[in-house]
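Residue-level structural notes
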Amino acid sequence: MLPPTISFITIIFLLISLFPFLSTACHPVDEEALLYFKLQITSDPSNLLHTWRSSTDCCTKWEGIACDSFGRVVNLTRPGLISGDDFIIDTSMNGTLSPFLGNLSHLAILDLSNLKELGGHIPVELGRLTRLTHLSLYLNKLTGDIPRSFQHLTRLDKLFLSDNLLCGEVKVGAWRRLTQLVLSGNQFSGSIPSDIGNLVRLVKCDLHGNNFSGNIPSSIGNLKHLRDLDLSQNLITGRIPASIGGLGQLILLDLHQNRIAGPIPATISKLASLQYCRISDNKLSGVLPPSIGELPLIQRLILENNKLSGKLPATVGHLTSLTDLFMANNRFRGKIPRSLGNLRNLQSLDLSRNRLSGIVPPHLGKLQMLQTLDLSHNPLGLLQIPSWFSKLNLFGLRLQKTGIQGRLPHWLSSTSISTLDLSSNGLKGELPSWIGNMTNLSYLNLSNNDFHSFIPDDFKNLTLLIDLDLHSNNFTGNLNRVFEKNVADPLGHYSSIDLSNNMFTGPIDKNMGLWPAMGSIAYLILSHNPIGGSIPKSIGRLSALQVLEVASNGLSGNLAAELGDLKELKTLKLSNNRLIGTIPEKVINMEELSEFNVSRNRLSGTIPPHRAAFPASSFIHNHGLCGAPLPPCEKS
């Protein structure tokens, strides 16, 4: 007998309180639906579904499945990227989504994301999952449109369908509870639905990388809780609606690479939480509104590649949280505002390709956090690089076509600059030996100036230099000094060299292809120099070479067959030299070769059959050459 102190009602209460831990077995309808899904998976390399067996209970034994107390499946989570405290599994599944998944009538969470190879259409039957709150199918190869039946998914909180091959128009009207909508990286088209403004709970809206067109609907301003809005890389036209000022919680605004025109609305000043703003690569016009200076938290402001005009407002200097300011390739005119010197957190400043003039304000010398400065292609008429630039701790300095004249300032030798571009100016004189003290240089462009000197011996100290452009000067002496510079393994191996249109002499050292600095070079351009000599056979060792231009160099000897070892070569220009002999078949038939020119040499023999369609102009003025695309050879 039970003790008299325990009543029948108490026993019932205890059983009810324990009920969640006494869940029943998996419902047969749900088990069947899951097994049908597994049946349509043709490849499961990491055995994500290996525990899914009819002989075991899907609620307690099947990985990735969770059930409620009635044995109904509420969570199906089998993503391709799985991580734990001490492991990461990145895997895939091949197959399609089974329509039987629509029978999981109690399902709240469905996550089959990042499986890479999951394809086919999204089954219409998924629209029956009316309890679904979280649907995640991103990073697959799903095709077709979003089924109309999804309008029944009125409880959806999060919808992630990004990075698939989905298309068609998007309807959002029924998803009133949605907080996150991520459809990026697909092929959706049509307009952004005007009723998106009804999704008043939305916190994140990411539609980038699609084919959406039309205007940004003014109803977007209703989304008072929105923090991230990314509509970039679409075909959106029209203007930025003034209603965008209603997004007071917005942190990220990305509209770049569309066709948006008209002015930036003054209401942008109401985006008090905005930290990242990118509206680059559009057709924006008009002046930059002074109200832009009322964004208290903005860190990155990217407005490059538009048609903005007028003066840069001094109010930009109020944005003291800014770390990056990109205004390149617009039509700004007038002086650079001295108020920019107030941007104490600024790390990158790019005002290149505008119509700015006048002196560069010395107030910019206060920007001690500044790392990169680009004022290129402005009619600044600098004459000299301002000496106060030496107070900056720059890693990148670009001043091409800004009117600089005279010699390189000596203070450059004591800087930590890694990227230096002073091309298309009036610099002259020698390349100073102290250039070897700029040991942080990885990119150096002094092209289109009037330097006339040897390359100094100290040049070999530029052990981190990767990209070098000295074209269109009057440099003289042996160019081997460039090739044989030292490296700081694994850094300092050339990626590109352009020494064309100078007065460099040769011959090229026979071991050029074996020098450490040349081992990774992809672009080598030496044309229009009186180099002479022959093509060294070791050039065939430059296995990463993609472009080789040695035209008008006075080269003689045979067309080195070793060029055929350059498996990555796409462009080979050898015109206007004194090369003799035949064209080796392995050279003209390199698999990647798409541009080939040996015109104006002394080559002879039959042009070998070749897979690429090179024009006759690639072979003309070689009096001994014949065969397609030139006239056929005469029969002996």
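Residues numbered from 1 in each chain as written. Predicted model: local features only at pLDDT ≥ 70, side-chain atom pairs only at ≥ 80, totals over all residues. Heavy atoms only, no water.

Where we set the bar: UniProt positions are given in the numbering used here, feature names are shortened, and annotations may be inferred rather than shown by experiment.
The name an unreviewed UniProt entry gives the protein is Leucine-rich repeat-containing N-terminal plant-type domain-containing protein, with Kalanchoe fedtschenkoi as the organism. If you open the UniProt record of the protein and go to Subcellular location (unreviewed entry), you find "Membrane".

1. Things to note about the overall build of the protein
Filter applied, for reference: Note on conventions: DSSP H or I runs of at least 4 residues are helices, E runs of at least 2 residues are strands, and numbering of each starts at the N terminus. Radius of gyration here is computed from C-alpha atoms only, and the compact-globule reference equals 2.2 Å multiplied by the residue count raised to the power 0.38. Relative accessibility thresholds used throughout: buried, under 20% of the residue-type maximum; exposed, over 50%; partly exposed, between the two (1.4 Å probe, protein chains only). Only heavy atoms matter for contacts: two residues are in contact if any of them lie within 4.5 Å across the pair.
Scanning the protein from N- to C-terminus turns up 4 helices and 47 strands. Here the protein has a C-alpha radius of gyration of 33 Å; the compact-globule value for 636 residues is 26 Å, and the former is much larger. Dimensions of the protein, computed from the C-alpha atoms along their principal axes, are close to 110 × 70 × 50 Å. A buried classification covers 50% of the 636 residues belonging to the protein. Restricting to contacts in the protein with at least 6 residues of sequence separation, those with at least 24 account for 50%.

2. Side note on the state of the cysteines
Condition: Put simply, a disulfide is two cysteine sulfurs that come within 2.5 Å.
Applying the stated criterion to the full structure yields 3 disulfides. The residue that forms a disulfide with Cys26 is Cys58, at a sulfur-sulfur distance of 1.8 Å. Every disulfide takes its handedness from the sign of the S-S torsion; for Cys26 and Cys58 that torsion is 75 degrees, giving right-handed. Note that Cys26 is positioned in the loop between helix H1 (8–18) and helix H2 (28–39) and Cys58 in the loop between strand S1 (41–43) and strand S2 (65–67), a separation of 32 residues in sequence. By the burial criterion, Cys26 is buried, and Cys58 matches it. One disulfide in the model links Cys626 with Cys633; its S-S distance is 1.9 Å. Taking the sign of the S-S torsion, about 95 degrees here, the bridge from Cys626 to Cys633 comes out right-handed. Its relative accessible area of 27% is what places Cys633 among the partly exposed residues. The thiol of Cys167 is not disulfide-bonded; the next cysteine sulfur, from Cys205, is found 19 Å away. Here Cys205 stays free of any disulfide, with the sulfur of Cys277 as its closest cysteine sulfur at 16 Å.

3. Section: the domain arrangement of the protein
This is how the line gets drawn: Each domain span listed reflects an automatic or database assignment of domains.
Structurally, the protein comprises domain 1 (24–167) and domain 2 (476–635). Spacing between the C-alpha centres of domain 1 and domain 2 amounts to 56 Å.

4. Structural notes on the pattern of salt bridges
In a structure, side chains of opposite charge can pair up when their charged atoms sit close to one another. Put simply, the test is: Salt bridge, as used here, is a side-chain nitrogen of Lys or Arg placed within 4 Å of a carboxyl oxygen of Asp or Glu.
Evaluated as defined, the whole model comprises 14 salt bridges. For the salt bridge of Asp90 with Lys116, the shortest nitrogen-to-oxygen distance reads 2.3 Å. Of this pair, Asp90 sits in strand S5 (residues 88–90) while Lys116 is found in strand S8 (residues 116–121), placing the two residues 26 residues apart along the sequence. Note on Asp90: relative accessible area 55%, which makes it exposed. Residue Lys171 is joined to Glu169 by a salt bridge in which the shortest nitrogen-to-oxygen separation is 3.7 Å. You can call Lys171 exposed: its relative accessible area is 52%. One salt-bridge network, in which partners are shared between bridges, spans Glu549, Lys573 and Glu595.

5. A word on the nonpolar core
The line we're drawing: The term nonpolar core refers to a set of buried residues drawn from Ala, Val, Leu, Ile, Met, Phe, Trp, Tyr and Cys, joined through side-chain atoms within 4.5 Å.
One finds Trp175, Phe483 and Leu563 to be the most contacted residues of the largest nonpolar core, which totals 178 residues. When residues of this core are traced back to their parent elements, those giving at least two are H2, strand S3 (73–77), helix H3 (480–483) and helix H4 (585–588). At 3 residues, the largest contribution of residues to this core is made by H2. Counting contributing residues per domain, this core is built from domain 1 (24–167) and domain 2 (476–635), each supplying no fewer than three. Setting aside anything within four residues of it in sequence, one finds Phe483 in contact with Tyr494, Ile497, Ile508, Met512, Trp515, Ala517, Met518, Leu524 and Leu526.

6. Let's talk about the side chain of His471
Put simply, the test is: Within 3.5 Å is the distance limit for a polar contact, defined as a pair of N or O atoms, with the added protein rule that one can donate a hydrogen and the other accept it, and that residues adjacent in sequence qualify only through two side-chain atoms.
One can find His471 in the loop between strand S36 (467–469) and strand S37 (476–478). In this structure the side chain of His471 is engaged in a polar contact, spanning 2.7 Å, whose partner is the side chain of Asp469. Discounting chain neighbours no more than four positions away, the residues touching His471 are Ser447, Asn448, Asp498, Leu499, Ser500 and Asn502.

7. Thoughts on the sheet that holds strand S31 (residues 405–406)
Two strands in a sheet stick together by hydrogen bonds in their backbones, pointing the same way (parallel) or opposite ways (antiparallel). Selection criterion: Following DSSP output, two strands are said to pair if at least two bridges run between them.
Pairing is parallel in the open sheet, where 3 strands are placed in the order S31-S33-S35. Unpaired on one side and paired on the other, S31 and strand S35 (450–451) mark the two borders of the sheet. Of the strand pairs in this sheet, strand S33 (residues 426–429) and S35 are connected by 2 bridges, and their pairing is parallel. In the sheet register, Gly429 faces S35, and the bridge partner there is Phe451.

8. Re the environment of Leu364
Among the structural elements, Leu364 can be located in the loop between strand S28 (355–356) and strand S29 (372–374). Here Leu364 falls in the buried class, since its relative accessible area comes to 2%. Sequence-wise, Leu364 and Pro536 are 172 residues apart; in three dimensions their C-alpha atoms are separated by 50 Å. Setting aside anything within four residues of it in sequence, one finds Leu364 in contact with Leu340, Gly341, Leu349, Trp388 and Leu392.

9. Notes on the pairing of strand S26 (residues 331–334)
In regular strands, side chains alternate between the two faces of the sheet. When strand S24 (residues 307–311) meets S26, the two strands line up parallel, connected through 3 bridges. Bridged to Ser309 within S26 is Arg331. One ladder, built from 2 bridges, connects S26 with S28; its direction is parallel. Bridge pairing links Arg333 to Arg355 in S28.

10. Section: the sheet that holds strand S20 (residues 261–262)
Spatially, 5 strands are ordered S20-S22-S24-S26-S28 in an open sheet, and the strand pairing comes out parallel. Edge positions in the sheet fall to S20 and S28, since each of these pairs with one other strand and no more. Two elements, S20 and strand S22 (residues 283–287), share 2 bridges in a ladder whose sense is parallel. Bridge pairing links Ala261 to Lys283 in S22.

11. Description of the confidence of the model for the protein
Quick note on the threshold: The predictor reports its confidence for every residue as pLDDT, a score running from 0 up to 100.
Per-residue pLDDT for the protein has a mean of 94; in total, 96% of the residues score no lower than 70. Of the regions scoring below 50 in pLDDT, residues 1–23 engages in 7 contacts with residues more than four places distant in sequence or in other chains.

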